[in-house]
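Coordinate analysis (summary)
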Amino acid sequence: MGLNDTPSAERVHIGIFGRMNAGKSSIFNQLVNQDAAVVSSRAGTTTDPVTKAMELLPVGAVTFIDTAGLDDTGELGGKRTAKAKEILRRTDIALVIVDAQKAKADSFDFSLENDLIAELKKHGVPYLLILNKAESLDSEEQGALIARAVKGTGTGEMLASPVILYSTKMEGFSVEALRRTIASIYQEEAKGARLIADLIRPRQTVALVVPIDESAPKGRLILPQQQVIRELLEAGAYAFVTKDTELSEALRSLKGKPALVVTDSQVFEAVAKVVPPDIPLTSFSILQARFKGDLAAQTAGAKVIDRLPDGAKILIAEGCTHHRQCKDIGSVKIPQWLAQHTGRTFTYEFTSGREYPEDLSGYDLIIHCGGCMLNPREMRYRIAAAKEAGIPVTNYGVLIAHLHGILERALSPFSS
């Protein structure tokens, strides 16, 4: 898979935020080594977010996102800033840019940056405060400005070196050093993140159950399946892939028992009947729930379905956009399973892709897909938004396991 083929969900998203004319686009162009964003002294040049994919070593595939000024005003400006704030949902690392020439004045108010950093801290997003256009400052001014910025934005408690001076116009300010700083922030943030590798040991076999039916994409595996296979290979384990219709025979062909069976959630019930109780079993979607979200919250959310009243309003949200088929899991199968399990009738709303309601207060339950097309940061934002609104949330795999009476078994691989 080439750089351009790396899915957005697997990229590290680095958002660039700040006021108009702070130099965001100039820094963006230096980081991506292209004139990808229009640079002008005129305020409000950047309208819609500008994205650029690249390789940032040793991180890997990343996406830099240049956003509109957070102080843009008027009706159109409000829409631009709303779009910029929307980018925060999927930002893994935030670069907060401040015009050092303006900020050195005693009258400069850091309140906008304070609000932005408070939002970043609320969602656990690491950030770097960059005092740009520093070529105009002498050493005394530089030291005074750094001290004011740390105090004004409260950044001192986030990173060891949360504030840096920078210039896109002067030698001595290396873009390579800036890239290394960004990479080091990510490496610290990403420590210990695993999809499946922490559940198995090298040379163990993991059986992966992949149905091939009308809903399966032609000629390829879906992203969660690819991700699990890749991580197993990196961990030195063996990935044994079979269709659900051939699972029984496939298990008999193995010399020993697999250390774990991972199945597509749609065939959870049938697979559970085939796999012996002493073999751990879970699903791709539950692995995603653990990796990208809050498994405990989503487990509790699944159990809420048993006490929802008739007519309750349920949001079914998917992170991808696709043509819905007659046996679509979100719009067809899950509502059918819910009706069979509860004997009640619910009201449903559906969203897909980047759509996700700002106001969740009207829902009684949110059922989300595994989020394979969303990066972990955005998936966690959605779950946090639901929890903050007091709305229970679950995901497809966790809910399906509960509806089929096998949730305890599906969670057992994570209990040790």
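For the structure, see preceding data.
Below, the structure is looked at part by part. Since we're looking at a predicted model, the values are computed, not measured.

This next bit is on the overall build of the protein chain. On a plain count of helices and strands, the protein chain comes out with 15 helices and 14 strands. Scored against the burial criterion, the 416 residues of the protein chain give a buried share of 51%. Here the analysis covers contacts within the protein chain between residues at least 6 apart in sequence; of these, 75% occur between residues at least 24 apart. With the model as given, the accessible surface of the protein chain reaches about 19400 Å², and the carbon-plus-sulfur share is 50%.

Pairing between the strands of a sheet comes from backbone hydrogen bonds, and it takes one of two forms, parallel or antiparallel. With respect to topology, six strands assemble into an open sheet ordered 2-3-1-4-5-6, the strand pairing being mixed. Among the strands making up the open sheet, the edge pair consists of strand 2 (50–56) and strand 6 (163–165). Ignoring strand direction, the axes of neighbouring strands in this sheet form an average angle of 25°. Pairing geometry for strand 4 (residues 93–99) and strand 5 (residues 127–132), over six bridges, is parallel.

At a minimum axis distance of 10 Å, the contact between helix 12 (residues 329–342) and helix 14 (residues 396–403) shows a crossing angle of 30°. Here helix 14 runs roughly parallel to helix 12, going by the angle between their axes. When you trace helix 12 past helix 14, the crossing you get is left-handed. Of the residues in helix 14, those touching helix 12 at Ile329, Gly330, Ile334, Trp337, Leu338 and His341 are Tyr396, Leu399, Ile400, His402 and Leu403.

With 15 residues, helix 5 (residues 139–153) extends 21 Å between its outermost C-alpha atoms, agreeing within 8% with the 21 Å of an ideal straight helix rising 1.5 Å per residue. Where helix 5 is buried, its residues touch helix 3 (100–103), helix 4 (111–122), strand 5 and strand 6. Its side-chain oxygen at 3.2 Å from the backbone nitrogen of Glu140, Asp138 defines the N-terminal cap of helix 5.

In this structure, Ile286, Ile305, Ile314, Ile334, Leu338 and Ile367 are the most contacted members of the largest nonpolar core, which totals 55 residues. Contact partners of Ile334, with chain neighbours within four places excluded, come to Ile316, Ile329, Ile367, Tyr396 and Leu399. By size, the runner-up hydrophobic cluster in this structure holds 27 residues, among which are Leu70, Ala103, Ala134 and Leu145.

Okay, the environment of Asn375 next. Structurally, Asn375 is set in the loop between strand 13 (365–368) and helix 13 (376–388). At a separation of 3.3 Å, a polar atom in the side chain of Asn375 contacts the side chain of Asp92.

Omega for the peptide link from Leu57 to Pro58 comes to 0°, which places this bond in the cis form. Within the fold, Pro58 resides in the loop between strand 2 and strand 3 (60–66). Unlike most non-glycine residues, Asn21 shows phi in positive territory, near 60°. With respect to the helices and strands, the residue Asn21 is situated in the loop between strand 1 (12–18) and helix 1 (24–32).

When you line up the elements, Thr282 lands in strand 10 (residues 281–283). The exposure class assigned to Thr282 is buried, which follows from its relative accessible area of 0%. A polar atom in the side chain of Thr282 sits 3.0 Å from the backbone oxygen of Ala410. Ignoring anything within four residues of it in the chain, the contact list for Thr282 reads Leu260, Val261, Val262, Thr263, Phe268, Leu287, Ala410, Pro413 and Phe414.

What follows covers the sheet that holds strand 14 (residues 393–395). The parallel open sheet is built from four strands, whose spatial order is 12-11-13-14. In this open sheet, the two edge strands, each paired with only one partner strand, are strand 12 (347–351) and strand 14. Put simply, the sheet's adjacent strands are angled 25° from each other on average, direction ignored. When strand 13 meets strand 14, the two strands line up parallel, connected through three bridges. Bridging across to strand 14, Ile367 finds its partner in Thr394.

With that settled, consider the pattern of salt bridges. Taken as a whole and judged by the stated rule, the model has 15 salt bridges. Arg19 is the partner of Glu113 in a salt bridge, and the nearest nitrogen-oxygen pair spans 2.7 Å. Of this pair, Glu113 sits in helix 4 while Arg19 sits in the loop between strand 1 and helix 1, and the two are 94 residues apart along the sequence. Between Glu349 and Lys313 there is a salt bridge, and its shortest N-O distance comes to 3.0 Å.

With respect to burial, strand 1 is a largely interior element, seven of its seven residues being buried. Note that strand 1 and strand 3 share five bridges and pair parallel. Looking at the pairing, His13 lines up with Thr63 of strand 3. Sheet analysis places strand 1 next to strand 4, joined by five bridges and oriented parallel. Within strand 4, the residue paired with Gly18 across the bridge is Ile97.

Cut-off values and rules
- Residues numbered from 1 in each chain as written.
- Predicted model: local features only at pLDDT ≥ 70, side-chain atom pairs only at ≥ 80, totals over all residues.
- Heavy atoms only, no water.
- Helix = DSSP H or I, 4+ residues; strand = E, 2+ residues; numbered from the N terminus.
- Buried < 20%, exposed > 50% of the residue type's maximum accessible area, 1.4 Å probe, protein only.
- Contact = heavy atoms within 4.5 Å.
- Areas by Shrake-Rupley, 256 points an atom, 1.4 Å probe, with all protein chains shown as cover.
- Pairing = 2+ DSSP bridges.
- Axes fitted to C-alpha atoms, helices over the stretch in contact; angles between N-to-C directions.
- Parallel < 35°, antiparallel > 145°, perpendicular 65-115°, else oblique.
- Left-handed = near helix turned anticlockwise from the far one by under 90°.
- Expected span 1.5 Å × (residues − 1).
- Polar contact = N/O pair within 3.5 Å; in protein donor to acceptor, adjacent residues only side chain to side chain.
- Core = buried A, V, L, I, M, F, W, Y, C linked by side-chain atoms within 4.5 Å.
- Salt bridge = Lys/Arg side-chain N within 4 Å of Asp/Glu carboxyl O.

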